[in-house]
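This is what each chain is made of:
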Amino acid sequence: MIIIGEKINGTRKTVAKAIRDRDADFIKELAKSQEEAGSSYLDVNAGTAPVREPEDMRWLVKNIQEASELPLCLDSANPEALRIGLETVKQVSLINSLSGEQSRIDGILPLVREFDVELIILALDDNGIPETCEGRLEIIHKLIQLAKAEGLSEKKIYIDPLITAISTGTENAKLAFKTIKAIKEAYPQTHITGGLSNISFGMPLRPTINRFFMAMAIQMGMDSAII
Ligand code: THG
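The model shown is predicted, which means the values in this text are computed figures rather than measured ones. (Residues numbered from 1 in each chain as written. Predicted model: local features only at pLDDT ≥ 70, side-chain atom pairs only at ≥ 80, totals over all residues. Heavy atoms only, no water.)

Visitor: It is not clear to me how the pattern of salt bridges should be interpreted in this structure. Could you clarify?
Guide: A side chain of one charge can pair with a side chain of the opposite charge if their charged atoms are brought near each other. Applying the stated criterion across every chain yields a total of 15 salt bridges. Ionic pairing is found between arginine 104 and glutamate 101, a salt bridge with its closest N-O pair at 3.5 Å. Residue lysine 174 pairs with glutamate 171 through a salt bridge whose shortest N-O separation is 3.7 Å. The network of salt bridges with common partners includes Arg22, Arg52 and Asp56. (Salt bridge = Lys/Arg side-chain N within 4 Å of Asp/Glu carboxyl O.)

And the structure:
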């Protein structure tokens, strides 16, 4: 399993405060504890306003790399923040993420050619998240072709089928399993990842639901998770 540690995320209050206060010790501790807990990558999401995000991303990447040797997963929709992150990292990083939204295709795809990266691809576009497996696969298919045209090999591609909450649709777990299985059949060389805790949003016993879902998703071919 390829574990992407999700704790360095500026949408979390404690992390937002640490970014604002430039509290490097707090961020370094989050990096170290996630490395000790078995992370393969550390997700870095500044989660701040677009004008501040590039500089916050640079500060985060610089400080995380002083605390941990792990490769990073740069989590932003902002091409400028991703670029600054990619210029600051010491080793090949995951970009989180490319979607079928035109603004991301235009802003993020060029970075794939320019930098030596790995890439997370999301099954959504300007019309939102398709409610069917077929609709999601159509987007994934298109984005894999685009990424390959930029020289990226399947082994460097991570597909996120988009795990959505069972609290808003009881079929959502089954839909995720079906999509994972179909992706693995069509693109056996790619990795499959996703935000695990999305599945249990709004539910009691979240850790239990997360664990059962994960075990079943692994059976379907999932080999990574953002946790
Ligand atoms: N797919 C991809 N990337 C993603 C997601 C995804 N990045 C962001 C997110 N989803 C995964 N990252 C997080 C980071 C932190 C938390 C959840 C997901 C988190 N949540 C607390 C909770 O749910 O209770 C509340 C916040 C807090 O702790 O303050 O911590 O799906 N490709």
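Structure shown, so let's carry the discussion forward.
Visitor: How do you make sense of the sheet that holds strand 5 (residues 117-125) when you look at a structure like this?
Guide: Two pairing modes exist for strands in a sheet, parallel and antiparallel, and in both the strands are linked by backbone hydrogen bonds. Across the sheet, eight strands lie side by side as 7-6-5-4-3-2-1-8; this open sheet has parallel pairing. Both edges of this open sheet fall to strand 7 (191-192) and strand 8 (224-226), since each of them pairs with a single strand only. Pairing between strand 4 (residues 93-100) and strand 5: six bridges, direction parallel. Looking at strand 5, one finds that leucine 98 is bridged to isoleucine 121. Against the sheet, helix 5 (residues 102-114) contacts strand 4 and strand 5, and its axis sits at roughly 150 degrees relative to strand 4. (Pairing = 2+ DSSP bridges. Helix = DSSP H or I, 4+ residues; strand = E, 2+ residues; numbered from the N terminus. Contact = heavy atoms within 4.5 Å. Axes fitted to C-alpha atoms, helices over the stretch in contact; angles between N-to-C directions.)

Visitor: Help me out: how do you make sense of the site of the ligand in this one?
Guide: Inspection of the region around the ligand gives Glu6, Asn9, Arg12, Asp75, Asn96, Ile120, Leu122, Asp160, Gly195, Asn198, Arg206 and Ile226 as its neighbouring residues. Between glycine 195 and the ligand, the recorded distance is 3.3 Å, taken from a backbone N or O atom to an oxygen atom. For the ligand, an oxygen atom lies 2.9 Å from a polar atom in the side chain of asparagine 198. For the ligand, the protein covers 65% of the area, taking 650 Å² as the surface of the free molecule. Of the residues belonging to the shell around the ligand, the class tally is three nonpolar, four polar and five charged. (Near = heavy atom within 4 Å. Polar contact = N/O pair within 3.5 Å; in protein donor to acceptor, adjacent residues only side chain to side chain. Areas by Shrake-Rupley, 256 points an atom, 1.4 Å probe, with all protein chains shown as cover. Nonpolar A, V, L, I, M, F, W, Y, C, P; charged D, E, K, R; others polar.)

Visitor: Mind showing me how you'd approach the packing of aromatic side chains here?
Guide: How two aromatic rings sit relative to each other is set out by the distance from centre to centre and by the angle between their planes. Taken as a whole, this structure holds two aromatic pairs when the rule is applied. Here the aromatic rings of phenylalanine 177 and phenylalanine 213 are separated by 5.0 Å at their centres, their planes lie at 20 degrees, and the arrangement is stacked. With a gap of 36 residues between them, phenylalanine 177 in helix 7 (residues 172-186) and phenylalanine 213 in helix 8 (residues 206-220) connect regions that are remote in the sequence. Residue phenylalanine 177 shares its accessibility class with phenylalanine 213, and that shared class is buried. (Phe/Tyr/Trp six-rings, centres within 6.5 Å; stacked < 30°, edge-to-face > 60°. Buried < 20%, exposed > 50% of the residue type's maximum accessible area, 1.4 Å probe, protein only.)

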